[in-house]
Amino acid sequence: IPKQQIFNNDPNIGEEQLKGFSKELIKYEEMGEGDPKFAAERDPTEFWEDGVTPRYQIGYGSNYLNGKKVTQNDRLNGVTKVKRDKINRDIVLSVDGNRDEMMDHARKLLENDVVRIRGEFDAIKKDEYNVKEIFEKLDPARKIVLTSTMYQMGAEALADFQDAWPLISKAADLKTDQAAWNAAANEMERSIWHNEQTPERANRVIEVIRNGGPVVWGEKTIYKPPPPVAAAAEGHMAYQPETIHVG
């Protein structure tokens, strides 16, 4: 049985599929197997950058609704009634409304957020490295987990991993050098994100950076690269076709 390669530029996956897998991973990372937030709830990060303005989420962790920062009273399309805790109004007890309409709105918010965050990420320019160029060198599994990570922490914060990105770039150039991928993964493990903020989520990302997939959440496989089946001419690998399903 052929082994999974640590770098696999899957020929069966295009940009739309890549975005689809990224959104699927984000849904699980943000909400587990539960519903999106149909009404605004307090963001775990508590405040915006000014340290004063309360930060709220809606849908699959979106902080923006209709181009504006989410506020406590915001709700998705289709919501007819929101019951909140009488003492702590940030706590949503129940929501009534048209479920199909609410779910559709949550999916559209996520779609818009992924497009927006990728645009912000691609536009970032660093003196020492170009994150867009490095990202484009990666295989699909690593692109998927890094898209989820930029959604989690913001494009600028991910781009600021100034010691990790040059190592990721080097590993992507070498492709199948395990030591190079280990160096990149080990550097990411030194971050506050991994050691203090969300260690379990960070570990899932770093595992894919280190070994190239599959992309999993719990018992669910979000994306599994097709295995190489035989050595082809000039040292390249031939890949077994695989039907890929999102969800």
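Before reading on, note that the structure itself is shown above.
I will try to describe carefully the structure that is included in this document. (Residues numbered from 1 in each chain as written. Predicted model: local features only at pLDDT ≥ 70, side-chain atom pairs only at ≥ 80, totals over all residues. Heavy atoms only, no water.)

### Some points on the overall build of the protein chain
Tallying secondary structure elements over the protein chain gives nine helices and ten strands in all. The globule rule puts the C-alpha radius of gyration for 247 residues at 18 Å, and the 20 Å found for the protein chain is close to it. For the C-alpha atoms alone, the extent of the protein chain along its principal axes is close to 65 × 40 × 30 Å. Across the 247 residues of the protein chain, 45% fall into the buried class. Restricting to contacts in the protein chain with at least 6 residues of sequence separation, those with at least 24 account for 58%. Here the protein chain displays about 13,200 Å² of accessible surface, and carbon together with sulfur accounts for 47% of that area. One finds the centroid of the 34 positive side-chain charges in the protein chain at a distance of 4 Å from the centroid of its 42 negative side-chain charges. (Helix = DSSP H or I, 4+ residues; strand = E, 2+ residues; numbered from the N terminus. Rg over C-alpha atoms; globule rule 2.2 N^0.38 Å. Buried < 20%, exposed > 50% of the residue type's maximum accessible area, 1.4 Å probe, protein only. Contact = heavy atoms within 4.5 Å. Areas by Shrake-Rupley, 256 points an atom, 1.4 Å probe, with all protein chains shown as cover. Lys, Arg positive; Asp, Glu negative; His and termini not counted. Charge placed at Lys NZ, Arg CZ, Asp CG, Glu CD.)

### What about the packing of aromatic side chains?
Considering all chains together, one arrives at seven aromatic pairs under this definition. Between Phe 121 and Phe 135 the ring centres are 5.9 Å apart and the planes differ by 70°, which places this aromatic pair in the edge-to-face class. Here Phe 135 lies in helix H3 (residues 131-137) and Phe 121 lies in helix H2 (residues 99-122), a separation of 14 residues in the sequence. Using a relative accessible area of 0% as the deciding quantity, one classes Phe 121 as buried. The rings of Phe 121, Phe 135 and Trp 165 are connected pair by pair, giving a single aromatic cluster. Lying across the ring of Tyr 56, Arg 42 places its NZ or CZ 5.7 Å from the centre. Over the face of the ring belonging to Trp 48 we find Arg 55, whose NZ or CZ atom lies 4.0 Å from the ring centre. (Phe/Tyr/Trp six-rings, centres within 6.5 Å; stacked < 30°, edge-to-face > 60°. Lys NZ or Arg CZ within 6 Å of the ring centre and 35° of its normal.)

### Description of the pattern of salt bridges
Per the counting criterion, the structure on display carries 21 salt bridges. The closest approach of N and O atoms between Arg 190 and Glu 187, which form a salt bridge, is 2.8 Å. The network of salt bridges with shared partners includes Glu 16, Lys 19, Lys 23 and Glu 111. (Salt bridge = Lys/Arg side-chain N within 4 Å of Asp/Glu carboxyl O.)

### Description of the packing of H2 against helix H4 (residues 140-153)
The contact between H2 and H4 brings their axes to 10 Å, and the two run at 95°. It follows that H2 is roughly perpendicular to H4 by the angle criterion. Of the residues in H4, those touching H2 at Leu 110, Asp 113, Val 114, Ile 117, Arg 118 and Phe 121 are Thr 147, Met 150 and Tyr 151. For the contact of H2 with H4, the residue count by class is six nonpolar, one polar and two charged. (Axes fitted to C-alpha atoms, helices over the stretch in contact; angles between N-to-C directions. Parallel < 35°, antiparallel > 145°, perpendicular 65-115°, else oblique. Nonpolar A, V, L, I, M, F, W, Y, C, P; charged D, E, K, R; others polar.)

### Brief notes about helix H1 (residues 15-31)
For H1, which comprises 17 residues, the first-to-last C-alpha distance of 24 Å matches the rise-based estimate of 24 Å (1.5 Å per residue) to within 8%. For H1, the buried fraction is high: twelve of the 17 residues fall into the buried class. Leu 18, Lys 19, Gly 20, Phe 21, Ser 22, Lys 23, Glu 24, Leu 25, Ile 26, Tyr 28, Glu 29 and Met 31 are the residues of H1 that are buried. A positive backbone phi angle near 65° is found at Gly 32, which sits one or two residues after H1. (Expected span 1.5 Å × (residues − 1).)

Spatial relationships are all this shows, so hold off on functional conclusions.
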